[in-house]
Amino acid sequence: MKTKIEDIFPLLQVTEDGLVVSKNADLSYFFEIEYPELFITSDKSYSIVIESIMNAAKSLGEGYIVHKQDFYIEDQYKPDYSYNVTGDPIIRENEKHFKDRPFTNHKGYIYITLPSSDPLKRTSAISSLFKKNLTPRSFKDEKVLSSFNEKVSSFVSGINQTKILKLRKLNRDKIVGTKRDAGLLNHYFTFSFSDTNIYDINRENSNFKIGDKNSYTFVINDLDQFPSEVNPLSSLRDFSGASRMPISFGAAFGINIPFNHIYNQVFYITKQAQVVNDKSREIKRHYSFSQWSRDNTFSYEQKTIFLDTLKNGEIAVNAHFNIQIFHENLETLNSYKDITSGAIGNSQFTAKVATTFSEQLYWANIPGNAQEIGSDNFLTCFLSNAVSMYS
């Protein structure tokens, strides 16, 4: 028996100015990111952007979810003659020269969500995807809405003031689309920038599909998958020789994967006092057993360092990262799978494919629905670590 998507779709309302209200009474605003040119940005510019994102996140405070979502979709170049107002033959020939050449089209978005309940109190097993229908909860607290608007405005201003990144708020048409133009939700539900249809979501022979597009999801949801160190900046190897070509660390999962994929980067600013209490209890337990096990001694030492770092001004967050790759041809997708696994491994991470919960992850990464990721898919790290993973 098929479930109708409108019965379980988690979003309830999108206002004209872009306020998104979920059926769980969660509030969100969506923004499109205008990136700088990839090969112009310097180390200093990257540092400014990273610092601005961290400061903007701190201005939101506890209880907010920040979900960055980057789409990379294969395309062919279509000549653009609109800017050639003088009819310059060199410009015309230049556009013709690149006609139909394959490239990966990139669009990035960031979603700020205030969940109505603690997302760490739910697991991916109770995803709304498995319900027959969703009963909307009402939202009536105008003070919460006013505070939410103020904090989101502060977040956006903090990033836009860098003049390196620019966030543009999406209105209703940009989110849900029109009869003529695809919106953000169309992008996500079709894996395309131009398709305005809605397709079935199903699993056939252990293969997760959106319409006729097969999909695999690589997930980073455990600290054991991380390398010993995560730096915010890296070098683009193909273009770095005597001089360094800077690039973000997270670019390994973004532009450096040159085919169809979506890279999701999510963090939840949890209650800091709760993190301190939980880690303190764990430290006491590890210390009690440290004389019998070297593993407990190591855990005791590392968690003590973690708490000391929090006291020095760092912020703890619950983070989740995943890479959704897709293609119509299953054989091509399997080759993409091998390349993606290699890219993750080359960054010193451990690759892990979501085999039994890919549907839940896909559903949880619907824009404005990251609160459904579940505590079992979040890891605890510092805000600086989470932002370092940005592409």
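Residues numbered from 1 in each chain as written. Predicted model: local features only at pLDDT ≥ 70, side-chain atom pairs only at ≥ 80, totals over all residues. Heavy atoms only, no water.

A. Local environment of the overall build of the chain. From N to C terminus, the chain includes eleven helices and 14 strands. Residues counted as buried form 49% of the 391 residues belonging to the chain. Within the chain, contacts between residues separated by at least 24 positions form 78% of all contacts whose residues are at least 6 apart in sequence. Total accessible area on the chain is roughly 20000 Å²; 50% of this is exposed by carbon and sulfur atoms. (Helix = DSSP H or I, 4+ residues; strand = E, 2+ residues; numbered from the N terminus. Buried < 20%, exposed > 50% of the residue type's maximum accessible area, 1.4 Å probe, protein only. Contact = heavy atoms within 4.5 Å. Areas by Shrake-Rupley, 256 points an atom, 1.4 Å probe, with all protein chains shown as cover.)

B. Focus on the layout of surface pockets. Taken as a whole, the largest pocket spans an internal volume of roughly 1200 Å³. Around the largest pocket, the lining comprises 35 residues; the ones closest to its centre are Leu223, Lys279, Phe306, Thr380 and Cys381. Elements with a contribution of two residues or more to the lining of the largest pocket: helix H7 (272-289), helix H8 (294-311) and strand S14 (379-382). Residues that form the lining of the largest pocket fall into these classes: 14 nonpolar, eleven polar and ten charged. (1 Å grid on protein atoms, 1.4 Å probe; cavity = no way out; pocket = protein on both sides within 12 Å on 5 of 7 lines; lining within 4 Å. Points joined across faces, edges and corners; volume = space filled by probe spheres on them. Nonpolar A, V, L, I, M, F, W, Y, C, P; charged D, E, K, R; others polar.)

C. Quick look at empty space enclosed by the protein. One pass over the structure, following the stated rule, counts one cavity of 30 Å³ or more. What the largest cavity holds in volume is close to 40 Å³. Taken together, Ile33, Ile53, Lys68, Ile110, Ile159, Leu165, Leu167 and Tyr390 make up the full set of residues lining the largest cavity. Residues belonging to the lining of the largest cavity are distributed by class as follows: seven nonpolar, no polar and one charged.

D. Representation of helix H9 (residues 330-346) within the structure. Taking 1.5 Å as the rise per residue, H9 with 17 residues should run 24 Å; its terminal C-alpha atoms sit 24 Å apart, in good agreement. What H9 keeps buried is the set Leu333, Tyr336, Thr340, Ala343 and Ile344. Within H9, the buried residues cover an arc of 95° as seen down the axis, which keeps them to one side. Pointing more than 90 degrees away from the buried face of H9 are the exposed residues Glu331 and Asp338. (Expected span 1.5 Å × (residues − 1). Arc of directions from axis to C-beta.)

E. Quick peek at a negative patch on the surface. On the surface, Glu16, Asp17, Asp173 and Asp181 cluster together into a patch of negative charge. Residue position: Glu16 is located in the loop between strand S1 (11-14) and strand S2 (20-22). (Patch = residues over 30% accessible without salt bridge, like charges linked within 9 Å, V, L, I, M, F, W, Y side chains within 5 Å. Salt bridge = Lys/Arg side-chain N within 4 Å of Asp/Glu carboxyl O. Lys, Arg positive; Asp, Glu negative; His and termini not counted. Charge placed at Lys NZ, Arg CZ, Asp CG, Glu CD.)

F. Fine view of unusual backbone geometry. Residue Ala25 is not a glycine yet carries a positive backbone phi of 70°. The backbone phi angle of Lys163 is positive, close to 60°, even though this residue is not glycine. For Lys163, the position within the fold is in the loop between helix H4 (142-160) and strand S6 (166-169). Using a relative accessible area of 77% as the deciding quantity, one classes Lys163 as exposed.

G. Quick look at the environment of Ser194. Structurally, Ser194 is set in the loop between helix H6 (184-190) and strand S7 (201-204). Assessed through its relative accessible area of 61%, Ser194 is described here as exposed.

H. Fine view of the environment of Leu184. Along the chain, Leu184 falls in helix H6. Along the primary structure Leu184 and Glu32 are separated by 152 residues, whereas in three dimensions their C-alpha atoms are 9.4 Å apart. Ignoring any residue separated from it by four or fewer positions in sequence, one finds Leu184 in contact with Phe30, Phe71, Tyr109, Tyr111, Leu170, Lys174, Ile175 and Pro367.

I. Region of the structure containing the nonpolar core. Judged by nonpolar contacts, the single largest core of 63 residues is most densely connected at Ile112, Phe148, Phe155, Phe253, Phe267, Phe349 and Met389. The element best represented in this core is helix H2 (residues 43-60), accounting for eight residues. In contact with Phe148, other than residues within four places in its own chain, are Leu19, Leu27, Ser28, Tyr29, Tyr64, Ile112, Thr113 and Leu114. Membership of the second largest hydrophobic core comes to 25 residues, among which are Tyr111, Ile210, Trp363 and Ile366. (Core = buried A, V, L, I, M, F, W, Y, C linked by side-chain atoms within 4.5 Å.)

J. Representation of the pattern of salt bridges within the structure. For the coordinates displayed, the defined rule picks out five salt bridges. As a salt-bridge pair, Arg168 and Glu32 come within 3.8 Å of each other at their nearest N and O atoms. Of the two residues, Arg168 sits in strand S6 while Glu32 sits in strand S3 (residues 27-34), which places them 136 residues apart along the sequence. Classification of Arg168 as partly exposed rests on a relative accessible area of 35%.

K. Up close: the packing of aromatic side chains. Applying the stated rule across the entire model yields 19 aromatic pairs. When the ring of Phe9 is compared with that of Phe189, the centres are 5.9 Å apart and the planes differ by 50°; the resulting orientation is tilted. Taken as a pair, Phe9 in the loop between helix H1 (5-8) and S1 and Phe189 in helix H6 lie far apart in primary sequence, 180 residues in all. Phe189 gets classed as buried once you look at its relative accessible area, which sits at 4%. (Phe/Tyr/Trp six-rings, centres within 6.5 Å; stacked < 30°, edge-to-face > 60°.)

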